[in-house]
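Fold and contact review
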Amino acid sequence: MANSAQRMIHALEGTKNAILTEHPPSIPQPTLVKSNEDVHLQALQVLAAHVKLLLDVPEHLWRILEKKKYLSAAWLYLLSRVVHRALVREEQDDEAWRNQGIDILESFPLVQRQWEVVAQFRSQIVHKAALSLRDFTTPSQTTCATLLTLHLLDSRPLSETLTALLDQRSKSLNTIFSKNPTPRGSIREIKKCILGALQAISQTIQTSRDVFQSRDAQLSLIRATLKFIQTDCVPSYGLPVELQLTTQSLLINLPSSSHFSALPQNLTSYKPHVDVYSQFSSLPPAHLDSKVSEWFQRSTDALRISCQTWLSDTNSVKVVWSIRNSVRMWLQSSSTLESSETEHLNSLFDNVCREYIAEIWRIRLSNAETAFRDQLTFAVTSIKDSSTDTTDVSPIAHMFDAPPLPTVSQTEDVPLQKYRASLQCQLSGRVSLLDNVLKTLEKCAAALQEDLLQVLTGDDADTTSLITRLKVSYQPHAQRLCTAALDSIETSADRLPDKTALDISALVFVGRIAEELSFSLFISNMSWHNQICVETKTYAYRWQEFTVLHVLSRHRIALPLAGFKPSPCTSPSTNLMQSLLLLAEAIQTLGFSGDSTRHNHLADRVVHLFIGRLLDQEWEHNKIQTLYDIGFLRRIAEVWGSRWTDIRELLDARTSRVRDSIGIPDEVPSDETLSWMSADHLARTQTILAAILPYPVATRGAQTPAGKSVTSDKFAALLPLGVPSSDKEYRAAIEVAKPSSRFAMLLVN
């Protein structure tokens, strides 16, 4: 084993020595043909990268356009154009394809056809980029990238890109202005249209300034992006990442980007040619302000017209005022406009609201005028033709006509409210025919008052000024309504003669309308309030004249009967009482008993006129009866107070003449007797004659015949003129002859 190992060692050493003694073989040098093959292969790889990019560009452009990255699409298009030129150039330098034995146009005709396909994308990119400018919700940096697309790809100066932006936004605004709120009159849809238009205007102004306006020695956003393209330097104040676009970042984000690693350095570092300091890439601040101001003025003018159209779908002042408040809140909280532009929009919308609210009021007042005239004509015609129910004309009949009971519901109280309103109308004497006429004006007045007091509210200076202007603007229309209503009343009254009771009933109805209007709060603020009061007095005077003449025509003078000895006189004559009752009934029929002021005024004039006219006529042939009649009338005059001094003087003078004409002085009652008897009889008849007595008469310190004050008596409320004495013999109000014996068989019991 040891010998074998030694022999192996000696053999290995011999082999080693033999190898070391040999000379090393020479390394063969590469041939010229092999070197040319490597260069050709490298050229083919570069060519493949060029063709690959050119072939993939259409697909990449479609995908980029779908993502609305128009600057990347424009950049890729410009890069593909450079690639195409690199493939088909004719220069004979070291890098020319012909030096490598490659004829691009002859060997690869696909390159030219592919470029023809790619070239069609230029117009599509420009068109889609321009259309995208209409979206006013697009951020400013995205809009800047889109405008750079037009600047680089369509060779537009920055001033023209601003014009393109404003023109496209105008088209977007026109689309908004052409919308019709659905459903029509919906406050929500009207607000949506107006606020959408305001937002479009505000965003356009903001975007224009964000993109083109320089601030504090800083370049504008679009010029800063151009400077980055030119120098590859990000400004110190920063630049949005999406605007920091380079060829390398563009190729890396493309699919199969590893295939483009073979592109030469001049392509991977390609950038479009820009000169940020040239006039082509500059926009003077004055030009920007001028363009933006002109566009803002045109847009707001169109907005004013559209707001008028949108608001015409509603006829509610409350809706218009609510929309105004929403607009002002939006301008205060969400608008990015300058203060002067915000004030302009506030003023513009205030003017629109003022004009439309005034128009709503004008139409409302005009409709009220027409409705009042028609209702008045219908009511007067119905009264003259006796075609209306008594309860529709007579306040007394209407008062005792009970309205139907309401249907009580646990969920709503509307029936109870209507029932309460019906009772109130009955108590006020508002018959249905009168209520129908007056409601045409009262509803209009109530709506105006609600608008002025509850809807038109606000504490700021602009709102206060607007409310003041609205109040001034509606006054001429309200004055025109009042004048037209007065003309209708005058025309209706002038056409009514004073011949029949129906004519006087119609005249009374017209007078009541004028009377009600004269007490209206809406009418009292108008300058013609005094005029309608004069007209009311005229109609009242015509009614008074007719009523007094009618009562006097039925006032009969009792002639003495031969052989008939009248009973002793202790009270007014039945003729006088009958006339006073007719007078009281006529006054009561007017329905003013619920209003003490109006009732006292009317009763004062009518009774005063009646007594004055009665003194001009012949009285009872019974002189003693005449004294009692005069005494009773004088007692009534005393109840009316100091204003009736003239009537009391006339009655006293007539009393003196009657006393002097009586031959037997012993039969003449004394003044104390006349006074006591008249007071007692008036106390007995005060209830049925209440319509011709002042109300309340208890305040005049009335005394009972016994001199006892009734102010503290339990009957003071019901018998304000005192409680009549109970020890006096009853006398019938009407004197009747005793039945003859020949009719004795007709008597029963």
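The structure reproduced in this document is the subject of the present report. Nothing here was measured: the structure is a model prediction, and the numbers come from that model.

Considerations on the overall build of the chain
Counting its regular elements, the chain contains 27 helices and 0 strands. In the chain, which comprises 749 residues, the proportion classed as buried is 44%. Counted over contacts in the chain with a minimum sequence separation of 6, partners at least 24 positions apart contribute 77%. Counting every atom, the chain has about 41200 Å² of accessible surface; 54% of that belongs to carbon and sulfur.

Details of the side chain of Asp604
Among the secondary structure elements, Asp604 is positioned in helix α24 (residues 596–615). The exposure class assigned to Asp604 is buried, which follows from its relative accessible area of 10%. In this structure the side chain of Asp604 is engaged in a polar contact, spanning 3.3 Å, whose partner is the side chain of Trp644. Not counting chain neighbours up to four residues away, the residues in contact with Asp604 comprise Trp640, Arg643 and Trp644.

Some words on the environment of Cys444
Tracing the sequence through the fold places Cys444 in helix α18 (residues 432–455). Assessed through its relative accessible area of 5%, Cys444 is described here as buried. The spatial distance from the C-alpha of Cys444 to the C-alpha of Glu369 is 9.6 Å, given a sequence separation of 75 residues. Among all residues touching Cys444, those that are not within four sequence positions of it are Arg364, Leu365 and Ala368.

Some remarks on the packing of helix α8 (residues 158–177) against helix α9 (residues 187–212)
The geometry of α8 relative to α9 is characterised by a closest axis approach of 10 Å and an angle of 175 degrees between their N-to-C directions. Taken together, α8 and α9 sit at an angle that is classed as roughly antiparallel. Counted together, Leu158, Thr161, Leu162, Leu165, Leu166, Arg169, Leu173, Ile176 and Phe177 of α8 and Cys193, Gly196, Ala197, Ala200, Ile201, Gln203, Thr204, Thr207, Ser208 and Phe212 of α9 form the full contact between these two elements.

So, unusual backbone geometry
Phi angles above zero are rare outside glycine, and Lys68 is one such case at about 60 degrees. If you trace the backbone, Lys68 turns up in the loop between α2 (32–66) and α3 (70–88). Even without being a glycine, Asp232 presents a positive backbone phi close to 60 degrees. Of note, Asp232 is situated in the loop between α10 (221–231) and α11 (247–252).

Some points on α10
With 8 of 11 residues buried, α10 is to be regarded as a mostly interior element. Buried within α10 are the following residues: Leu221, Ile222, Arg223, Ala224, Thr225, Leu226, Phe228 and Ile229. The elements touched by buried residues of α10 are α3, α7 (140–153), α8 and α9. Asp232 lies just past α10 and shows a positive phi near 60 degrees.

A closer look at the packing of aromatic side chains
What describes a pair of aromatic rings is the distance from one ring centre to the other and the angle between the planes of the rings. Overall, the coordinates contain 5 aromatic pairs when judged by the stated rule. Just above the ring of Trp321 sits the side chain of Arg324; from NZ or CZ to the centre is 4.7 Å.

Observations concerning the environment of Ser465
As for its position among the elements, Ser465 is in helix α19 (residues 461–494). Spatially, the C-alpha atoms of Ser465 and Asp350 are 10.0 Å apart, while their sequence positions differ by 115 residues.

What to know about the packing of helix α23 (residues 574–589) against α24
A pair of packed helices is captured by two measures, namely the crossing angle of their axes and the spacing between those axes. Interhelical geometry of α23 versus α24 gives an angle of 150 degrees and a closest axis separation of 11 Å. Here α24 runs roughly antiparallel to α23, going by the angle between their axes. For the element pair α23 and α24, the recorded crossing hand is right-handed. Along the contact surface, α23 presents Leu576, Ser579, Leu580, Leu583 and Ile587, while α24 presents His599, Leu602, Ala603, Val606, Val607, Phe610 and Leu614. Residues of the contact of α23 with α24, tallied by class, amount to 10 nonpolar, 2 polar and no charged.

Conventions and cut-offs
Residues numbered from 1 in each chain as written. Predicted model: local features only at pLDDT ≥ 70, side-chain atom pairs only at ≥ 80, totals over all residues. Heavy atoms only, no water. Helix = DSSP H or I, 4+ residues; strand = E, 2+ residues; numbered from the N terminus. Buried < 20%, exposed > 50% of the residue type's maximum accessible area, 1.4 Å probe, protein only. Contact = heavy atoms within 4.5 Å. Areas by Shrake-Rupley, 256 points an atom, 1.4 Å probe, with all protein chains shown as cover. Polar contact = N/O pair within 3.5 Å; in protein donor to acceptor, adjacent residues only side chain to side chain. Axes fitted to C-alpha atoms, helices over the stretch in contact; angles between N-to-C directions. Parallel < 35°, antiparallel > 145°, perpendicular 65-115°, else oblique. Phe/Tyr/Trp six-rings, centres within 6.5 Å; stacked < 30°, edge-to-face > 60°. Lys NZ or Arg CZ within 6 Å of the ring centre and 35° of its normal. Left-handed = near helix turned anticlockwise from the far one by under 90°. Nonpolar A, V, L, I, M, F, W, Y, C, P; charged D, E, K, R; others polar.

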